[in-house]
Amino acid sequence: MASLPAEDSSSARGRSAAYGRPVEGTGGDWSTRHSVSATAQRTAALINALADDRPDPAAVADVLRAYGEADPVELTTAEVAGMRAAAELLRPVFAAEDTDTAAAVLNRLLLEHTGPLRLSSHGGGTPWHPHLDRDDDAPWDAWLLASSCMALTVLLWDRQRPPGRVCASTACRNVFVSQGSGPERRYCSRRCATRERVAAHRRLRSTERPADGNGRSPGPGADR
């Protein structure tokens, strides 16, 4: 089910050229490059890139290129601001504590921010695939919201679990796409997981340090 091509990235802003360029590591197969999984991963990457108060348009464009957009990818400050607003609407899907909550958020987004489900081939330039934006010339923010809703909805349907999570590290706000099976992932990266394990170990050591003869715990540098 999750191999169903998600709504893709073509529009009058030059995104149609992306169909000729494979995402690194996925090969040249169109369905692989534009699968639900790839689209969901792109959604998470864009939400993270757009998390700053004033995202750098060049950095956002780099993420789009990494997921198959062909140059020129030129974003204005206003376009990035619109994409940031769309990303903030999508973040609660990843923050949902359970499947029912994630489904409720997606249902609201589908009702309020997307068009009816339709099929498009972009004038014969691509295989037929589903869209939730209202036309093939949708602006970047509408494209991001609609394509993301499509992918995240199918992932939830297929796996019957929230499609993603927010990193459990207190020092990180990144979101990530959940694995299809196995133990549930808590951190966006090995770096965050390692940092939290080290911090937990240090907290445990600080509580286990024996008191000196006066009933006081050794100072912070006592064991160095």
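Conventions adopted
Residues numbered from 1 in each chain as written. Predicted model: local features only at pLDDT ≥ 70, side-chain atom pairs only at ≥ 80, totals over all residues. Heavy atoms only, no water. Helix = DSSP H or I, 4+ residues; strand = E, 2+ residues; numbered from the N terminus. Expected span 1.5 Å × (residues − 1). Buried < 20%, exposed > 50% of the residue type's maximum accessible area, 1.4 Å probe, protein only. Polar contact = N/O pair within 3.5 Å; in protein donor to acceptor, adjacent residues only side chain to side chain. Contact = heavy atoms within 4.5 Å. Salt bridge = Lys/Arg side-chain N within 4 Å of Asp/Glu carboxyl O. Core = buried A, V, L, I, M, F, W, Y, C linked by side-chain atoms within 4.5 Å. Axes fitted to C-alpha atoms, helices over the stretch in contact; angles between N-to-C directions. Left-handed = near helix turned anticlockwise from the far one by under 90°. Nonpolar A, V, L, I, M, F, W, Y, C, P; charged D, E, K, R; others polar. Parallel < 35°, antiparallel > 145°, perpendicular 65-115°, else oblique.

**Section: helix α2 (residues 36-49)**
Under the 1.5 Å per step criterion, the end-to-end length of α2 is 20 Å for 14 residues, consistent within 8% with the ideal 20 Å. Taken residue by residue, α2 has Val36, Ala38, Thr39, Ala40, Arg42, Thr43, Ala44, Leu46 and Ile47 as its buried positions.

**Some remarks on the side chain of Ser148**
Assignment of secondary structure puts Ser148 in helix α6 (residues 140-159). Separated by 2.7 Å, the side chains of Ser148 and Thr43 make a polar contact. Beyond its immediate chain neighbours, meaning those up to four positions away, Ser148 contacts Thr43 and Leu90.

**A look at the pattern of salt bridges**
The tally for this structure, following the rule as stated, stands at five salt bridges. Linking Arg65 and Asp62 is a salt bridge whose minimum nitrogen-to-oxygen distance equals 2.8 Å. With Arg65 and Asp62 both in helix α3 (residues 57-66), this residue pair falls three residues apart, about one helical turn. Between Asp71 and Arg65 there is a salt bridge, and its shortest N-O distance comes to 2.4 Å. Each of the salt bridges in this network shares a partner with another, and the network as a whole consists of Asp62, Arg65 and Asp71.

**What about unusual backbone geometry?**
The linkage connecting Asp71 with the following residue, Pro72, adopts the cis geometry, with an omega of 5 degrees. By secondary structure assignment, the location of Pro72 is in the loop between α3 and α4 (77-95). Even without a glycine there, the phi angle at His122 is positive, about 50 degrees. Examined against the element boundaries, His122 turns out to sit in the loop between β1 (118-120) and β2 (129-131). For His122, a relative accessible area of 17% translates into the label buried. In the Ramachandran plot, Gln160 falls in the positive-phi region, its phi being about 55 degrees despite a non-glycine side chain. One can find Gln160 in the loop between α6 and β3 (164-166).

**Here's the deal with the environment of Arg42**
Position of Arg42 among the secondary structure elements: in helix α2. Judged by its relative accessible area of 5%, Arg42 falls in the buried class. Along the primary structure Arg42 and Ser148 are separated by 106 residues, whereas in three dimensions their C-alpha atoms are 8.4 Å apart.

**Thoughts on the nonpolar core**
One recurring pattern in soluble globular proteins is that nonpolar side chains are buried together. Formed by 36 residues in total, the largest nonpolar core has its most connected members in Leu46 and Met83. Mapped by element, the contributors of at least two residues to this core are α2, α3, α4, α5 (99-113), α6 and β4 (175-177). Element by element, the count of residues in this core is highest for α6, at 10 residues.

**Overview of the packing of α2 against α4**
Look at α2 against α4: their axes get within 9 Å of each other, and the N-to-C directions meet at 115 degrees. The interaxial crossing formed by α2 with α4 has left-handed handedness. Contacts from Thr43, Ala44, Leu46 and Ile47 in α2 reach Met83, Ala87, Leu90, Arg91 and Phe94 in α4. For the contact of α2 with α4, the residue count by class is seven nonpolar, one polar and one charged.

**Digging into the side chain of Asp133**
By secondary structure assignment, the location of Asp133 is in the loop between β2 and α6. A polar side-chain atom of Asp133 sits 2.9 Å from a polar atom in the side chain of Arg118.

**Things to note about the packing of α2 against α6**
Interaxial distance between α2 and α6 falls to 9 Å at its minimum, and their mutual angle equals 125 degrees. Considered as vectors, α2 and α6 are oriented oblique to each other. By crossing handedness, the relation of α2 to α6 is classed as left-handed. Packed against α2, whose contacting residues are Val36, Thr39, Ala40, Arg42, Thr43 and Leu46, the element α6 presents Trp143, Leu144, Ser147, Ser148, Ala151, Leu152, Val154 and Leu155 at the interface. Partitioned by chemical class, the residues of the contact of α2 with α6 number nine nonpolar, four polar and one charged.

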